[in-house]
Amino acid sequence: MSAIDVKDLTVAYHKKPVLMDVAFSTPKGKLMGIVGPNGAGKSTLIKAVLGLIPKASGNVKILGEGYSPKNKKVGYVPQRGSVDWDFPTNALDVVLMGRYGHVGWFKRPSKKMLR
């Protein structure tokens, strides 16, 4: 079973396709990068896979099932256009933001989660 399986994904903004017939499969336990120039559709692809924007067509499976925001196996930290450089944070803090749904309110991440 693949971690992410995308078949024939098409995404359109105002009926104009921006991603057409995208297909890929990501094996479980592997890292994958999405690389491309500004405006190539990287963020649009991630948002469509997570169901944050509608798909015009295609099928997306995460761990063999359709994605649900209640799925605690997926962490997503959205991109921001501006950064408050005075806010004290580091790379680990940002990565852990994607785990907040799993950790719960007012709890600290376990040592296992920090590995």
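A brief report on the enclosed structure follows. Just so it is clear, the model here is predicted, and its values are computed rather than measured.

Turning our eyes to something else, we now look at the overall build of the protein chain. Per the secondary structure count, the protein chain includes three helices and three strands. Starting at the N terminus, the α and β elements of the protein chain follow one another as β-β-α-β-α-α. The principal-axis extents of the C-alpha atoms in the protein chain amount to approximately 40 × 35 × 25 Å. Taking all 115 residues of the protein chain together, the buried fraction comes to 18%. The contacts of the protein chain with a sequence gap of at least 6 include a subset with a gap of at least 24, amounting to 47%. Carbon and sulfur atoms form 57% of the exposed surface of the protein chain, whose accessible area is close to 9300 Å². Between the mean site of the 19 positive side-chain charges and the mean site of the 7 negative ones, the protein chain shows a separation of 7 Å.

Glancing now at the nonpolar core. Most often, soluble globular proteins have nonpolar side chains that are buried together. In terms of nonpolar packing, the biggest core is built from twelve residues, these being Val 6, Leu 9, Val 11, Leu 19, Val 22, Leu 45, Ala 48, Val 49, Leu 50, Ile 53, Val 60 and Ile 62. For this core, the secondary-structure elements that each account for two or more residues are β1 (2-13), β2 (16-27), α1 (42-49) and β3 (57-62). Residues within four places of Ala 48 in sequence aside, it is in contact with Leu 9, Val 11, Ile 53 and Lys 55.

Our focus in this paragraph is the pairing of β2. Where β1 meets β2, eight bridges bridge the pair, whose relative direction is antiparallel. Its bridge partner lying in β2, Ile 4 is registered against Thr 26.

Okay, the side chain of Thr 10 next. Within the element layout of this structure, Thr 10 appears in strand β1. Once residues within four sequence positions are removed from consideration, Thr 10 is found in contact with Leu 19, Met 20, Asp 21, Lys 55, Ala 56 and Ser 57.

It is worth spelling out unusual backbone geometry at this point. Although it is not a glycine, Asp 8 sits at a positive phi angle of roughly 50°. Assignment of secondary structure puts Asp 8 in strand β1. For Asp 8, a relative accessible area of 48% puts it in the partly exposed group. In this structure, Leu 63 is a non-glycine residue whose phi angle is positive, near 50°. Along the chain, Leu 63 turns up in the loop between β3 and α2 (91-97). Leu 63 gets classed as partly exposed once you look at its relative accessible area, which sits at 26%.

A separate point is the pattern of salt bridges. Under the counting rule described, the total for this entry stands at one salt bridge. Of the charged contacts in the structure, one is a salt bridge between Lys 7 and Asp 5, with a shortest N-O distance of 3.9 Å. Classification of Lys 7 by relative accessible area gives partly exposed; the value is 46%.

Reading the values: rules and limits
- Residues numbered from 1 in each chain as written.
- Predicted model: local features only at pLDDT ≥ 70, side-chain atom pairs only at ≥ 80, totals over all residues.
- Heavy atoms only, no water.
- Helix = DSSP H or I, 4+ residues; strand = E, 2+ residues; numbered from the N terminus.
- Buried < 20%, exposed > 50% of the residue type's maximum accessible area, 1.4 Å probe, protein only.
- Contact = heavy atoms within 4.5 Å.
- Areas by Shrake-Rupley, 256 points an atom, 1.4 Å probe, with all protein chains shown as cover.
- Lys, Arg positive; Asp, Glu negative; His and termini not counted.
- Charge placed at Lys NZ, Arg CZ, Asp CG, Glu CD.
- Core = buried A, V, L, I, M, F, W, Y, C linked by side-chain atoms within 4.5 Å.
- Pairing = 2+ DSSP bridges.
- Salt bridge = Lys/Arg side-chain N within 4 Å of Asp/Glu carboxyl O.

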